[in-house]
Structure formats: structure tokens, C-alpha cells
Amino acid sequence: MARPRKPLLSRERIVGAASALVDAEGLDAVSTRRLAAELGVSGPSLYNHFRNKDEILDAVADAVSAKVDLSMFDESDPRDWRTALHDWAVSYRAALTEHPNVVPVLARGPGRRPAGLKVADAVFGAMVRAGWPAARATHIGALMRYFITGSALGSFAGGFVDDETAYDPSDYPHLGQAHLLAERQEKIDEGAFETGLRALLDGLTAQYEAGRRAKRAERARASPADGS
């Protein structure tokens, strides 16, 4: 029996083609008609795997989430909660910067996406195990997502042009070196991310230690020394 000329259509092939389109041309480039043409199939055949374009984009976003390292949140991993958050944030941002065009989909939250839900579950579970109250663990997960996806939505340094004449010192007296930012984009953006991440984690650490001190004081009041 002769082999088919083209590989059988699958969710993986559709997601791969859609991901390539998003990376190259953005979210608006994806349509069922365009994907069918890219895959060499009829448009209706895509509906055997996905109900609509939104489901396809969800799958593309989830494929990016699946690349994020979550090993630091394993119960057997020796990293403390702060180090775990740092290492996860770096991994998450790296995954997003490889696929910046899909970030707006990821920024909406995990919805029903399996890999995205695994990320949320891992972060929340690790924070609760570390001693954070459940409500605060939820806040931390939200805060980290805001910060990481926000950092990947665009480049600060890339927002400046490399034309020195664009920054007339009579108008912008403090932007005399702004035309150099674009050529140093990666270094500046990574430095800004690390600076912000350290500041964020410093603030959380201060809250964590304050909470532990308060709990110790409360236990001491509830259990006075013998003979008092």
C-alpha cells in the first residue's frame, strides 16, 4: 500500500505551523485558511483537532509554557522559596523572549491550558509549603506573572532609535546617550529584569521575615514561661 505523500495531520503539526506563523508575523497572521495552506490540507480538516483559531492560539501559548523549568518547585529540590522564584522567573522570561509575539495570549492567564495550569499549581504549591498564607501565595503568583510577562512584552532599550539627532539636548537634556541604547538592547533589558526581580524578591523576603517574627511573637504570648 502506497504511503501518503504528506504526513497525517495532527495537533502537533498544527501547533508547530501556527507557532512558526506567530513567531514570524504575529498573532493576526494565524487563520484556519492560512494554516491549512501552510500544511497542505483542506481548511475543514483543522476542525477535527481544534474548534477555532482561539483554541489553536491557546495551544501555541501552552507549548511555550511547557518549556518553562519547574524543577525548582519539586519538594525534593533543595532551593529555598526565594531562589526557586528567581530561577523560575529567569526560565519563564527566557521562554517568552524566544516567542514574544505570543506573550499577549499568555498574559491573559492559563485558562484551561494544561501546561499553564501546571505552572500556576507549582508556584502556588511551593509558596504554601514555604509557609506563605494561601492568599499571599496567590498574590505572589499573580505578581510574578505580571512582572515576567510585562518584561517580555517589549524592549525598553529597543524603544529608542540609534539616531543621535533625535535627542536634541535643548529638549531632552538627560538623553544625550539614548541613541546608544538600541545597540545594547539585550544587555540593558536583561540588567533591568534582574534589577527589578531582585527588588521584588527583596520586598517579598522582608514581608516573609516580618510574618515569621509576628508568628513567633504570637506563640510566645500564647505560651508564657512557667511561673509567670
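Above this note sits the structure.
Residues numbered from 1 in each chain as written. Predicted model: local features only at pLDDT ≥ 70, side-chain atom pairs only at ≥ 80, totals over all residues. Heavy atoms only, no water.

### Points about the overall build of the protein
The secondary structure content of the protein amounts to eight helices and zero strands. Secondary structure of the protein in N-to-C order comes out as α-α-α-α-α-α-α-α. The C-alpha atoms of the protein give a radius of gyration of 24 Å, which is well past the 17 Å a tight globule of 228 residues would have. Long-range contacts, defined as pairs at least 24 residues apart, comprise 69% of the intrachain contacts of the protein with a sequence gap of at least 6. In the structure as shown, the protein presents an accessible area of about 13900 Å², 53% of it carried by carbon and sulfur atoms. Across the protein, 29 positive and 31 negative side-chain charges occur, with their mean positions spaced 8 Å apart. (Helix = DSSP H or I, 4+ residues; strand = E, 2+ residues; numbered from the N terminus. Rg over C-alpha atoms; globule rule 2.2 N^0.38 Å. Contact = heavy atoms within 4.5 Å. Areas by Shrake-Rupley, 256 points an atom, 1.4 Å probe, with all protein chains shown as cover. Lys, Arg positive; Asp, Glu negative; His and termini not counted. Charge placed at Lys NZ, Arg CZ, Asp CG, Glu CD.)

### Remarks on helix H8 (residues 185-222)
With 38 residues, H8 extends 55 Å between its outermost C-alpha atoms, agreeing within 8% with the 56 Å of an ideal straight helix rising 1.5 Å per residue. Along H8, the residues classified as buried are Asp-189, Phe-193, Leu-197, Leu-200, Leu-201, Leu-204 and Tyr-208. On its buried side, H8 packs onto helix H4 (81-98) and helix H7 (134-153). (Expected span 1.5 Å × (residues − 1). Buried < 20%, exposed > 50% of the residue type's maximum accessible area, 1.4 Å probe, protein only.)

### Looking at the nonpolar core
Among the nonpolar cores identified, the biggest contains 51 residues, and Leu-35, Phe-73, Leu-85, Trp-88, Met-127 and Met-144 are the most heavily contacted of them. If you list the elements that add at least two residues to this core, you get helix H1 (11-25), helix H2 (32-39), helix H3 (53-65), H4, helix H5 (103-107), helix H6 (114-129), H7 and H8. Element by element, the count of residues in this core is highest for H4, at eight residues. When residues no more than four places from it in sequence are discounted, the contact partners of Met-127 are Phe-73, Trp-81, Leu-85, Trp-132, Ala-137 and Ile-140. Core analysis: the second largest hydrophobic core is formed by five residues, Ala-157, Phe-160, Ala-178 and Leu-181 among them. (Core = buried A, V, L, I, M, F, W, Y, C linked by side-chain atoms within 4.5 Å.)

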